[in-house]
Amino acid sequence: MVYLMKYMLLSTSLLLVAAPVLAAADAYTLTIENHAFVPKEIKVPAGQKLRLLVVNKDATPAEFESKPLAREKIIAGKSSATILIGPLKPGRYPFVEEYHEKDAAAQGVIVAE
Amino acid sequence: MFGAALIVFRESLEAALIIGVMAAATRGVAWRGRWIVAGLLAGLVGSAVVASSMAAISNLASGVGQEIFNAGILTLAVCMLAWHNIWMAQHGREMAARARDTAQAIQQGSREGSVILLVVGLAVVREGSETVLFLYGLAAGSTEGLHATLVGALAGVGAGALVGGLLYLGLLRIPLRWFFSVTAVLVLLLAASMASQVARNLVQADLIPSLGAPVWDSSAWLSQSSPMGTLLHGLVGYDAQPAGAQLLFYLLALLVIGGAMLWVGRRQPATDLRRR
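Below or above, wherever it landed, is the structure these notes cover. (Residues numbered from 1 in each chain as written. Chains lettered and ligands numbered in written order. Predicted model: local features only at pLDDT ≥ 70, side-chain atom pairs only at ≥ 80, totals over all residues. Heavy atoms only, no water.)

1. A short note on unusual backbone geometry
(1) Moving on: Note that the residue after Val38 of chain A, namely Pro39 of chain A, is joined by a cis bond; omega there is 0 degrees.
(2) Moving on: In this fold, Pro39 of chain A is placed in the loop between strand 2 (36–38) and strand 3 (41–44).
(3) Moving on: Notably, Asn34 of chain A is not glycine yet its phi reads approximately 55 degrees, a positive angle.
(4) Moving on: As for its placement among the helices and strands, Asn34 of chain A is situated in the loop between strand 1 (26–33) and strand 2.
(5) Moving on: Take Asn34 of chain A: its relative accessible area is 65%, and that puts it in the exposed class.
(6) Moving on: In this model, Asp206 of chain B sits at a positive phi of 60 degrees, which is unusual for a non-glycine residue.
(7) Moving on: As for its placement among the helices and strands, Asp206 of chain B is situated in the loop between helix 7 (176–204) and helix 8 (227–236).
(8) Moving on: On the basis of relative accessibility, which here comes to 27%, the residue Asp206 of chain B falls in the partly exposed class. (Helix = DSSP H or I, 4+ residues; strand = E, 2+ residues; numbered from the N terminus. Buried < 20%, exposed > 50% of the residue type's maximum accessible area, 1.4 Å probe, protein only.)

Here's what the structure looks like:
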């Protein structure tokens with residue numbers, strides 16, 4: 001039992017530390033300011049792995065959610081988070097800031113072409 | 001205040017369902033009440049720690065530290081639940097028969113105790129850390145401020161605990177001859193749903209392929225944010241839009257753990273006869 005826990009701790013820590021070597025995809029930045037996305041539309045190449053850096057400039061946490069992309073992530077206030085997506089088929093992939101999802105400003109789209 | 005209550009209710013419901021099932025499944029284990037409370041307290045402390053280091057965790061592993069961390073603690077919880085079920089399959093009847101023997105009871109209690117502590121603690125850390133962050137932001141941004149948010153949060157936790165308690169009491173009403181079989185199935189389903197969450201986190205961390213995302217979309221029939229959907233999600237792992245990898249992990253967990261339980265359990269009748 002203790003052995004299992006030590007193994008879990010070790011493997012999780014190794015993954016956390018070693019994974020920087022694994023990811024090397026294109027990066028795009030999305031900013032959340034006053035519960036609104038900037039920019040509202042991001043054009044990306046289809047068929048490639050992508051990194052989306054979401055920067056939350058608000059003091060309150062935000063939740064990036066996109067059902068078409070099958071991604072959701074809470075980003076604490078005044079911090080940023082990386083979301084890995086792709087490869088995407090060509091098309092439009094809308095996303096929302098879930099805590100203010102009804103606001104028009106809190107919606108955006110990723111266009112893959 | 002109402003916003004805080006609702007969110008906290010949903011998060012604490014998930015943890016409360018797990019705790020309710022575990023409390024029922026470990027019926028007969030010595031001192032299990034204390035282990036559950038210990039798990040709760042450890043989980044609360046853990047939530048505060050994880051919430052405050054969320055930014056640091058997130059940035060590990062080139063930005064997907066959060067997903068890997070979640071996958072790690074979920075996998076540990078799955079192993080704990082699997083161990084509990086397999087152990088119960090082997091010793092369940094023995095345990096009920098030997099409950100009179102105090103020394104044996106205490107020994108079984110401390111072995112199971114660490115399982116209870118970990119499962120409860122991990123469930124609370126998972127739900128609690130997200131909730132802490134959310135509440136912090138809500139309190140900071142809300143016009144009503146910290147006080148109203150805290151009151152709302154307490155109401156939410158209370159409601160979640162109530163549902164968990166009702167589940168526990170409801171389970172206790174099951175006749176003894178079916179009781180451990182039912183709780184074994186519930187724990188197995190919990191383990192499988194956690195396994196599916198491990199898959200979800202690994203897919204989001206881009207460590208495994210999604211194998212079709214989503215495989216189906218049943219949110220028109222039963223939305224995951226509806227009360228029934230939340231309940232089914234917590235107990236059985238219902239997901240309105242699951243990825244293929246999630247279904248795969250779910251099935252694998254059922255087969256592997258269920259198989260181990262059956263294999264270990266079939267050796268029992270001979271053992272019982274010998275002890276007579």
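2. Brief notes about the side chain of Glu14 of chain B
All names here are of chain B.
(1) Moving on: You can see Glu14 is positioned in helix 1 (residues 2–25).
(2) Moving on: Notably, Glu14 is buried but unbridged: the nearest opposite-charge side chain belongs to Arg126, and the N-O separation is 5.9 Å.
(3) Moving on: Contact partners of Glu14, with chain neighbours within four places excluded, come to Glu127, Thr230, His233 and Gly234. (Lys, Arg positive; Asp, Glu negative; His and termini not counted. Salt bridge = Lys/Arg side-chain N within 4 Å of Asp/Glu carboxyl O. Contact = heavy atoms within 4.5 Å.)

3. Quick word on the interface of chain B and chain A
(1) Moving on: Facing the 33 residues of chain B at the interface are 27 residues of chain A.
(2) Moving on: For the pair chain B and chain A, the summed buried area comes to about 2,600 Å², and 68% of that belongs to carbon and sulfur atoms.
(3) Moving on: At the boundary of chain B and chain A, one finds three salt bridges.
(4) Moving on: Put simply, Asp206 of chain B and Lys49 of chain A hold a salt bridge, and the shortest N to O gap is 3.2 Å.
(5) Moving on: Scanning the region where chain B abuts chain A turns up three residue pairs in polar contact (both at pLDDT 80 or more).
(6) Moving on: Among the secondary structure elements, those contributing two or more residues to the side of chain B that touches chain A are helix 3 (54–59), helix 4 (65–97), helix 5 (102–141) and helix 7 of chain B.
(7) Moving on: At 10 residues, the largest contribution of residues to the side of chain B that touches chain A is made by helix 4 of chain B. (Buried area = accessible area lost by both parts, 1.4 Å probe. Polar contact = N/O pair within 3.5 Å; in protein donor to acceptor, adjacent residues only side chain to side chain.)

4. A short note on the pairing of strand 7 (residues 79–85) of chain A
All names here are of chain A.
(1) Moving on: In terms of residue burial, strand 7 counts as a mostly covered element, since six of its seven residues are buried.
(2) Moving on: The sheet contact formed by strand 4 (residues 50–56) and strand 7 spans seven bridges and is antiparallel. The partner of Asn56 across the bridge, within strand 7, is Ser79. (Pairing = 2+ DSSP bridges.)

5. Details of the sheet that holds strand 1 of chain A
Residue and element names in this part refer to chain A.
(1) Moving on: Across the sheet, which stays open at both edges, the four strands sit in the order 2-1-4-7 with mixed pairing between neighbours. Strands with a single pairing partner mark the edges of an open sheet, and in this sheet they are strand 2 and strand 7. On average, each strand axis in the sheet is tilted by 25 degrees relative to the strand beside it, whichever way the strands run.
(2) Moving on: Here strand 1 runs beside strand 2; their pairing, made up of three bridges, is antiparallel. (Axes fitted to C-alpha atoms, helices over the stretch in contact; angles between N-to-C directions.)

6. Regarding the packing of helix 1 of chain B against helix 8 of chain B
Axis angle and axis distance: for two packed helices, these are the angle between their axes and the distance between the axes, and together they describe the pair.
Residue and element names in this part refer to chain B.
(1) Moving on: Interhelical geometry of helix 1 versus helix 8 gives an angle of 40 degrees and a closest axis separation of 9 Å. Taken together, the axes of helix 1 and helix 8 are oblique relative to one another. The handedness of the crossing between helix 1 and helix 8 comes out as right-handed. Across the interface between the two elements, Arg10, Leu13, Glu14, Leu17 and Val21 of helix 1 pack against Thr230, Leu231, His233, Gly234 and Leu235 of helix 8.
(2) Moving on: The residue makeup of the contact of helix 1 with helix 8, split by class, is five nonpolar, three polar and two charged. (Parallel < 35°, antiparallel > 145°, perpendicular 65-115°, else oblique. Left-handed = near helix turned anticlockwise from the far one by under 90°. Nonpolar A, V, L, I, M, F, W, Y, C, P; charged D, E, K, R; others polar.)

7. Comments concerning a nonpolar patch on the surface
Residues and elements named next belong to chain B.
(1) Moving on: Side chains of Leu211, Leu248, Leu252, Leu255 and Val256 sit close together on the surface and give an oily, nonpolar patch of about 500 Å² of accessible area.
(2) Moving on: Here Leu211 shows up in the loop between helix 7 and helix 8.
(3) Moving on: With a relative accessible area of 51%, Leu211 lands in the exposed category. (Patch = residues over 30% accessible without salt bridge, like charges linked within 9 Å, V, L, I, M, F, W, Y side chains within 5 Å. Areas by Shrake-Rupley, 256 points an atom, 1.4 Å probe, with all protein chains shown as cover.)

These results come straight from atomic positions and should not be treated as a statement about function.
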